[in-house]
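This is what each chain is made of:
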Amino acid sequence: MEIAYPYAPLRRRFAAYLIDSILTALLMTPLVLWYLKGLFSEASGIYLLAYSGPVLFLLILIRSLYLTVLWSTRFGTIGCHLLSISVFTLQGNKLSY
């Protein structure tokens, strides 16, 4: 028999999303600053052609790892914990990778 868990209101979920977006943006700031510094230097062509793909890949990887690891190990991200939101399966278990 499945236990009915209440859903978090939309405003709390959106606030958790904003918190997590700010935290991941802070994690990505050094990479973005390095890339922007290179774009506005004499070697801007090299940065634009050679580093755009890898930088985009790393930005996506950082966000994906943040969400995946925290959802599967702690029942939610930092934003979820601050707003008392838990993420789990319909049976009440942790999400798996």
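Residues numbered from 1 in each chain as written. Predicted model: local features only at pLDDT ≥ 70, side-chain atom pairs only at ≥ 80, totals over all residues. Heavy atoms only, no water.

(A) Representation of the side chain of T77 in the model. Secondary-structure assignment places T77 in the loop between α2 (44-74) and α3 (78-82). Accessibility expressed as a relative area gives 0% for T77, which makes it buried. (Helix = DSSP H or I, 4+ residues; strand = E, 2+ residues; numbered from the N terminus. Buried < 20%, exposed > 50% of the residue type's maximum accessible area, 1.4 Å probe, protein only.)

(B) Up close: the packing of helix α1 (residues 10-39) against α2. Close contact between α1 and α2 brings their axes to 10 Å; oriented N to C, the two are set at 160°. The orientation of α1 relative to α2 falls into the category roughly antiparallel. For α1 against α2, the interelement crossing comes out right-handed. Looking at the contact of α1 with α2, its residues break down into 17 nonpolar, 5 polar and 2 charged. (Axes fitted to C-alpha atoms, helices over the stretch in contact; angles between N-to-C directions. Parallel < 35°, antiparallel > 145°, perpendicular 65-115°, else oblique. Left-handed = near helix turned anticlockwise from the far one by under 90°. Nonpolar A, V, L, I, M, F, W, Y, C, P; charged D, E, K, R; others polar.)

(C) Up close: the side chain of D20. Tracing the chain through its elements places D20 in helix α1. One buried charged side chain, D20, makes no salt bridge at all; its nearest oppositely charged neighbour is R63, positioned 5.8 Å away. Here D20 is in contact with R63, Y66, T77, I78, G79 and C80, once residues within four sequence places are set aside. (Lys, Arg positive; Asp, Glu negative; His and termini not counted. Salt bridge = Lys/Arg side-chain N within 4 Å of Asp/Glu carboxyl O. Contact = heavy atoms within 4.5 Å.)

(D) Region of interest: the environment of N93. You can see N93 is positioned in the segment after α3. Take N93: its relative accessible area is 46%, and that puts it in the partly exposed class. Separated by 18 residues in the primary sequence, N93 and F75 have C-alpha atoms spaced 8.7 Å apart. Leaving out residues up to four positions away in the same chain, N93 has contacts with F75 and F88.

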